[in-house]
Amino acid sequence: MGLFHSLDDVERHALDAERTTETPGLLQGLDPRIKVIGLLALIIAATSTHSLLTLSALFVIAVLMALVSNISPLRLAQQVWLGVLLFTGAIALPSLFLVPGEAIARLPLLGWEISGQGVRSAAFLLGRAETSATLAALLVLTTPWPHVLKALSSLGVPDAIVAVLGMTYRYIFVLLRTAGEIMEARRSRIMSRMNRSARRHLLITTLGALLGKSLTLAQDIHTAMIARGYRGQVRLLHDFRTRGRDWLFLAATLLVPASIYGLRL
């Protein structure tokens, strides 16, 4: 049942994200092209700053933008911050002991020294990852995925890359649904508990069947798209319009990295 729960969680998360893009808020009302450029500028600022104070300010700005876009910090904590903390924290942890510098503490029992420079390096890595991931999540949570793809295409991103991103997003759900159907069919034909060897054999054969069905389905989808006129470009029923508040948002977001470079923060 774990696979079905995971499938339901993924679909529920996607539907919830789609509903968030339709709620009133600051970022939801902006031109997607302006939003992509502005948030990318803030991400560049977060990854290039050499000041922890500036990095903390950028993180606060990201949280404030989430609040005025009706995205709660609790949601960001569950969907972004915790995962980034666990993954990046595992990478940053050794720097506490390996980066040379003045010792500020000692690990009990093991006696390993924690350097101030190591703490600073770990803080930069975590801060940059959390801030960048938060800004990227704001783009996805406030913009329908087709609008993101069209904005990327409008900004000069090659059609091949846009097509790969669009197909990957759609195919994740197709692949999960196909895997769920295969496992359900297997489970309905098994009458008794299997031993470890049989479970390994079942897993291998299931993966092989999933790969075969995936390749066949991918070819069928591509043929159907070509037959319906798809040429790698994202087309929507309405065009983007840039208004005064879009230019204000763009100017404000571009001013941040410009200030960081100009003042060497």
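Right above here is the structure, for reference.
Residues numbered from 1 in each chain as written. Predicted model: local features only at pLDDT ≥ 70, side-chain atom pairs only at ≥ 80, totals over all residues. Heavy atoms only, no water.

1. Things to note about the overall build of the protein chain
Argument step 1. Summing up its helical and strand segments, the protein chain has 10 helices and two strands in all.
Argument step 2. Counting from the amino terminus, helix and strand elements in the protein chain follow one another as α-α-α-α-α-β-β-α-α-α-α-α.
Argument step 3. The proportion of buried residues among the 265 residues of the protein chain is 33%.
Argument step 4. Taking as baseline every contact in the protein chain between residues at least 6 positions apart, the subset at least 24 positions apart corresponds to 76%. (Helix = DSSP H or I, 4+ residues; strand = E, 2+ residues; numbered from the N terminus. Buried < 20%, exposed > 50% of the residue type's maximum accessible area, 1.4 Å probe, protein only. Contact = heavy atoms within 4.5 Å.)

2. Thoughts on the pattern of salt bridges
Argument step 1. Inspection of the entire model under this criterion finds two salt bridges.
Argument step 2. For the salt bridge of Asp31 with Arg33, the shortest nitrogen-to-oxygen distance reads 2.7 Å.
Argument step 3. With a closest N to O distance of 4.0 Å, Asp246 and Arg243 form a salt bridge.
Argument step 4. A relative accessible area of 0% means that Asp246 is categorised as buried. (Salt bridge = Lys/Arg side-chain N within 4 Å of Asp/Glu carboxyl O.)

3. Brief notes about the packing of helix H2 (residues 32-48) against helix H10 (residues 244-263)
Argument step 1. The geometry of H2 relative to H10 is characterised by a closest axis approach of 9 Å and an angle of 15° between their N-to-C directions. Judged by the angle between their axes, H2 and H10 are roughly parallel. When you trace H2 past H10, the crossing you get is left-handed. Contact residues: H2 offers Ile34, Lys35, Ile37, Gly38, Leu39, Ala41, Leu42, Ile44, Ala45 and Ser48, while H10 offers Asp246, Trp247, Phe249, Leu250, Thr253, Leu254, Val256, Pro257, Ile260 and Tyr261.
Argument step 2. Partitioning the contact of H2 with H10 into residue classes produces 15 nonpolar, three polar and two charged. (Axes fitted to C-alpha atoms, helices over the stretch in contact; angles between N-to-C directions. Parallel < 35°, antiparallel > 145°, perpendicular 65-115°, else oblique. Left-handed = near helix turned anticlockwise from the far one by under 90°. Nonpolar A, V, L, I, M, F, W, Y, C, P; charged D, E, K, R; others polar.)

4. Side note on H10
Argument step 1. A rise of 1.5 Å per residue sets the reference length of H10, with its 20 residues, at 28 Å; its end C-alpha atoms lie 28 Å apart and thus fit the reference within 8%.
Argument step 2. For H10, the set of buried residues is Asp246, Phe249, Leu250, Thr253, Val256, Pro257 and Ile260.
Argument step 3. In this structure, the buried side of H10 is in contact with H2 and helix H3 (52-68). (Expected span 1.5 Å × (residues − 1).)

5. Quick notes on the environment of Ala123
Argument step 1. By secondary structure assignment, the location of Ala123 is in helix H6 (residues 116-142).
Argument step 2. With 34 residues separating them along the chain, Ala123 and Gly89 place their C-alpha atoms 9.5 Å apart.

6. Things to note about a nonpolar patch on the surface
Argument step 1. Among the surface-exposed residues, Leu26, Val60, Leu64, Leu67 and Val68 lie close enough to one another that they form a single nonpolar patch of about 420 Å² accessible area.
Argument step 2. The residue Leu64 is located in helix H3 in this model.
Argument step 3. With relative accessibility at 48%, the residue Leu64 sits in the partly exposed group. (Patch = residues over 30% accessible without salt bridge, like charges linked within 9 Å, V, L, I, M, F, W, Y side chains within 5 Å. Areas by Shrake-Rupley, 256 points an atom, 1.4 Å probe, with all protein chains shown as cover.)

7. Observations regarding the packing of aromatic side chains
Argument step 1. Summed over all chains, the structure comprises one aromatic pair.
Argument step 2. Summarising the aromatic geometry, the rings of Phe59 and Trp81 are spaced 5.4 Å apart at their centres and angled 50° between planes, so their arrangement reads as tilted. Taken together, the residues Phe59 in helix H3 and Trp81 in helix H4 (residues 73-92) connect sequence positions 22 residues apart.
Argument step 3. Among the residues examined, Phe59 registers a relative accessible area of 26% and is labelled partly exposed.
Argument step 4. It is Lys150 that lies over the ring of Phe240; its NZ or CZ is 5.2 Å from the centre. (Phe/Tyr/Trp six-rings, centres within 6.5 Å; stacked < 30°, edge-to-face > 60°. Lys NZ or Arg CZ within 6 Å of the ring centre and 35° of its normal.)

8. As for the packing of helix H7 (residues 145-154) against helix H8 (residues 159-188)
Helix packing geometry: the angle between the two helix axes and the distance between the axes.
Argument step 1. Across the interface, H7 lies against H8 with an axial gap of 9 Å and an inter-helix angle of 170°. The angle between the axes of H7 and H8 places the two elements in the roughly antiparallel class. Within the contact between the two elements, H7 uses Trp145, Leu149, Leu152 and Ser153 and H8 uses Asp159, Val162, Leu165, Gly166, Tyr169 and Arg170.
Argument step 2. The residue makeup of the contact of H7 with H8, split by class, is six nonpolar, two polar and two charged.

9. Digging into helix H9 (residues 196-227)
Argument step 1. Under the 1.5 Å per step criterion, the end-to-end length of H9 is 46 Å for 32 residues, consistent within 8% with the ideal 46 Å.
Argument step 2. Residues Leu202, Thr206, Leu210, Ser214 and Met225 constitute the buried set of H9.
Argument step 3. Buried residues along H9 sit against H8.
Argument step 4. Backbone geometry just downstream of H9 places Gly229 in the positive-phi region, at approximately 95°.

10. Remarks on a positive patch on the surface
Argument step 1. The grouping of Arg193, Arg196, Arg199 and Arg200 at the surface amounts to a positive patch.
Argument step 2. Tracing the sequence through the fold places Arg196 in helix H9. (Lys, Arg positive; Asp, Glu negative; His and termini not counted. Charge placed at Lys NZ, Arg CZ, Asp CG, Glu CD.)

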